[in-house]
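Summary of structural features
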2 protein chains.
Amino acid sequence: MTRPLDDTHDPGLRSWVASANDPAGDFPIQNLPLGVFRRRGRSDVPRLGVAIGDQVLDLRRCGELRLFDGPPEVVAAAREASSLNRLLALGPEAHGSLRRAVSTVLRADGSRAEPAALVPLADAELRLPVEVGDYTDFYASIVHARNVGRLFRPDHPLPPSYRHVPLAYHGRSSSLVVSGMPVKRPCGQRPPAGGERPSFGPTERLDYELELGAWVGAGSRPGQPVAIDDAERHLGGFCLVNDWSARDLQAWEAQPLGPFLSKSFATSVSPWMVTVDALAPFRCAAARPAGDPPPLPHLASARNDALGGLDVTVEAWLESAEMRRCGIGPMRLSRARFREMYWTVAQMVAHHTSNGCPLRPGDLLASGTVSGSEDDAAGCLLERAAIGAPATLPTGERRGFLADGDEVTLRAYCSRDGFARIGFGSCSVRVLSASGGSPESR
Amino acid sequence: MTRPLDDTHDPGLRSWVASANDPAGDFPIQNLPLGVFRRRGRSDVPRLGVAIGDQVLDLRRCGELRLFDGPPEVVAAAREASSLNRLLALGPEAHGSLRRAVSTVLRADGSRAEPAALVPLADAELRLPVEVGDYTDFYASIVHARNVGRLFRPDHPLPPSYRHVPLAYHGRSSSLVVSGMPVKRPCGQRPPAGGERPSFGPTERLDYELELGAWVGAGSRPGQPVAIDDAERHLGGFCLVNDWSARDLQAWEAQPLGPFLSKSFATSVSPWMVTVDALAPFRCAAARPAGDPPPLPHLASARNDALGGLDVTVEAWLESAEMRRCGIGPMRLSRARFREMYWTVAQMVAHHTSNGCPLRPGDLLASGTVSGSEDDAAGCLLERAAIGAPATLPTGERRGFLADGDEVTLRAYCSRDGFARIGFGSCSVRVLSASGGSPESR
């Protein structure tokens, strides 16, 4: 299920790209996340790249310069593609080959230092890295499910199926956008107030949701469930996901078919896919408490119990227009541990395919809001409201829900003694008003 | 909003393809539905075709033979594409051009009779005609919503938002399949019986849903709602949809996020896209009763009131393995009128984009189960159960839900005095057992 550790994970490795050797950076040589970019201001066909320190290694250029070796289909996909899909489809052995090849190119002790294959991150326009067929959003944090459920069903906040079924809904692919693209406050139907009719207008309860997403690698066949211990062979890597939500629209529309327009105006993802290989040192036990009902057989495995978890710290930060004006800088809203999620990613894959539903390379499986039991670990504003802890900003502003001009930044990282820190970069998005403006432009 | 009537709709038109002149046929020269096919048994790249009588007009061959005229991008899309997406993206004027060009080729009074451009329907392997980005399923029949709601909420069967919001959920694109592909009975979690734990196994409540689907033509831009009177400029045509449902899985998983694995094992569509142009003679008034609350402004228009409806008769037929064995032939389970749907297709488009969600060419918007108020007009078996009318087959077999070996066939057609009958063809699918077998093969 998990990928082997090899010399690409060696914490002693250093790169000839000096900025990659900062121990506090997101993109050391042990990470090597994949993305799609072009040089800012150019209209070139987008190409694949690997983040390294404050640079991007241009994989097309590496191919042209014959900098790396590997199976021909891997080298061709790295050199020719304009999205990660082709590489994702090749599966875990191909991903491992590319990782070893790129690690070799970037090592300080190698002879392949080639600055001509680098583009400064600051000059790179990062794109949505994947052409997404289907986007699924799970609900895998039991803390989040219970806190939010309390608002609607105080007597039994957790749905009766929760501990048996990794609950999820289908999201909208067409409105997936990459970090940096602003999100316009959506309009929609807001519930009737005081027995009146519903009204149509800008949402008054705009929220973020702090999530991780898994990119599907090799697909699965129609009618063929993926066994839980094979699940990770169908994954390529992970990203940050902000599942923007309009809570007033959601409350009005979600019975009985679930969320629809309250979510489909935008879902933001981070540009770098942190690979399953890079995360190998951070596997940990699954979080399901010993006293809970055991999962049904297709969702159970000893390996999943022992190593199904993923020790990633996730954070959400907020900067209001006023904070920007005062130069205060963003404030951390929450921090939580992905290892506390009730359902593991392998369980999500096994569940998703248990009815025969095929996964395709580049499908996105998001985790649902990542919350923890600590006071500062609620992964969305609705949940803060539910536990009676609305956010107060350093300017004295209060945030029951998001205001125009707010910038929400999600971050994630792994750290463990004896291994290099692995960062996810960020997913950072500013909220525009319903007419597309921001407070600064008024 | 609606397309003009022109000489392509003339009921007196006849084709040199003799079978197209049968007044009871689905595919007269006034219809001209588009699909994608290749000759059975060959591995050619699939190509576009038009159904005409019992033949398919091969549009690639037409292009090679220079049989039709039109704007170059339309002729190129018709000749070169392997799915309808490219043509769909060109928008309504292009669709009108192609219709006129094909009508000219096929007219008995023309000089372009070219049997070399025909392939018998019996020799054509029909494909899923569209590469579907996103698939949305509405819930637009108030009769269906009320009947089904009664099972779960006897006191207030209709959700309070129903008359205000065209309710919908996101479906799964990866499991869309074309008519003729059998559907395997899916496994999944069935609810606990008598306080026990849930169990995993083949669904015991497999159901069909009789729906129409609209194929999106020209897309819409992110953040730009489509006005209701512009909605049909974003549609290409219609098909039959069978939204297969596992009711036991659905009951267990659907709170609070809506249906997921209970639907995503398969959704079947008919192979022919009946164009918006072909349906122009069958527009009718929207069905919303005068006493109901008026829709919010973005869902309201005088043109929609007058012409938003679509007068299509839809039918579901069932043939069990036993009926096949006895040579009885299929039995009609239901017949309903699409014109009775509470929400029009234009309202679905306006609603879907009202939050800025972009539509892309080839997206599928399905209507939800089409049911009517008559006794024989319930569009799925769950609804028959709700109204206390389970199906009894001519063999004496009863059908609370579907059995292995059952073949469900959906049909639809338009008929109106003074116009040619327009048929949708069929969506016909056999249910296999969970292990992939059928009763005949035992």
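Residues numbered from 1 in each chain as written. Chains lettered and ligands numbered in written order. Predicted model: local features only at pLDDT ≥ 70, side-chain atom pairs only at ≥ 80, totals over all residues. Heavy atoms only, no water.

1. Concerning the overall build of chain A
To keep it simple, the criterion reads: The way it works is that DSSP assigns letters per residue, a run of H or I at least four long becomes a helix, a run of E at least two long becomes a strand, and they are numbered from the N terminus. This radius of gyration counts C-alpha atoms alone. The globule rule is 2.2 Å times how many residues there are, raised to the power 0.38. Remark: exposure states derive from per-residue accessible area (1.4 Å probe, protein chains only) relative to the maximum for the residue type, with buried under 20%, exposed over 50%, and partly exposed in between. By definition, residues are in contact when any of their heavy atoms lie within 4.5 Å. Only the protein chains shown count as cover for residues, and the accessible areas themselves come from Shrake-Rupley with a 1.4 Å probe. Just so you know, the count uses Lys and Arg for positive and Asp and Glu for negative, and it drops His and the chain ends. Lysine's charge is taken at NZ, arginine's at CZ, aspartate's at CG and glutamate's at CD.
When helices and strands are counted, chain A shows 10 helices and 26 strands. Taken over C-alpha atoms, the radius of gyration comes to 22 Å for chain A, in line with the 22 Å a tight globule of 442 residues would show. Here chain A holds 442 residues, and the buried ones make up 63% of them. Once local pairs closer than 6 in sequence are excluded, the contacts in chain A between residues at least 24 apart make up 74%. As displayed, chain A offers around 15,500 Å² of accessible surface, 50% of which is attributable to carbon and sulfur atoms. Of the charged side chains in chain A, 49 are positive and 51 negative; the average position of the first set lies 2 Å away from that of the second.

2. A look at the relation of the copies chain A and chain B
Defined as follows: In this comparison the copies share one frame, found by least squares on the C-alpha atoms of residues holding pLDDT of at least 70 in both.
In screw terms, the move from chain A to chain B is a rotation of 180° and a rise of 0.0 Å along the axis, fitting with an RMSD of 0.0 Å. Seen this way, the second copy is the image of the first under a two-fold rotation axis. Nearest to the rotation axis, the C-alpha of Gly258 of chain A is located 2.1 Å from it, this being the minimum over chain A. Both copies present the same face, since 100% of the interface residues in chain A are matched by interface residues at the equivalent positions in chain B.

3. Considerations on unusual backbone geometry
All names here are of chain A. Geometrically, the link from Gln255 to Pro256 is a cis peptide bond, its omega value of 5° lying close to zero. By the secondary structure assignment, Pro256 is in the loop between α6 (247-253) and β16 (267-269). Backbone geometry at Arg66 places phi at a positive 50°, although glycine is not the residue there. Along the chain, the position of Arg66 falls in the loop between α1 (59-64) and α2 (72-80). Using a relative accessible area of 69% as the deciding quantity, one classes Arg66 as exposed.

4. Observations concerning the interface of chain A and chain B
This is how it is decided: Note on terms: buried area is the combined drop in 1.4 Å-probe accessible area of two parts once they are placed together, counting the loss on both. Any Lys or Arg side-chain nitrogen located within 4 Å of an Asp or Glu carboxyl oxygen qualifies as a salt bridge. Throughout this description, a polar contact denotes any pair of N or O atoms lying within 3.5 Å of each other; where both atoms belong to protein, one of them has to be capable of donating a hydrogen while the other can accept it, and for residues adjacent in sequence the pair is counted only when both atoms sit in side chains.
Counting residues at the interface gives 55 residues for chain A, matched by 55 residues for chain B. Carbon and sulfur atoms make up 59% of the surface buried where chain A meets chain B, a total of about 5,200 Å² over both sides. Broken down residue by residue, the surface that chain A buries against chain B is led by His170, Leu257 and Phe260 of chain A, which jointly contribute 16%. At the surface where chain A touches chain B, the tally comes to 4 salt bridges. The partner of Asp134 of chain B in a salt bridge is Arg172 of chain A, with the nearest N and O atoms 3.5 Å apart. Between chain A and chain B we count 29 residue pairs in polar contact (both at pLDDT 80 or more) in total. When residues of the side of chain A that touches chain B are traced back to their parent elements, those giving at least two are β6 (135-138), β7 (168-170), β10 (187-190), β11 (199-202), α6 and α9 (345-352) of chain A.

5. Observations concerning the confidence of the model for chain A
Note the cut-off: Each residue carries a pLDDT score, the predictor's confidence in it, ranging from 0 to 100.
Per-residue confidence for chain A gives a mean pLDDT of 95, with 99% of residues at or over 70. Across the assembled chains, the prediction reports ipTM 0.96 with pTM 0.97.

6. What to know about the pairing of strand β20 (residues 313-319) of chain A
Residues and elements named next belong to chain A. Note the cut-off: Only when DSSP finds a minimum of two bridges between them are two strands counted as paired.
Counting buried positions along β20 yields 6 of 7 residues, so the element is predominantly enclosed. Both β20 and strand β21 (residues 331-337) contribute to a ladder of 6 bridges, which runs antiparallel. Bridging from a neighbouring strand, Trp317 pairs with Arg332 of β21.

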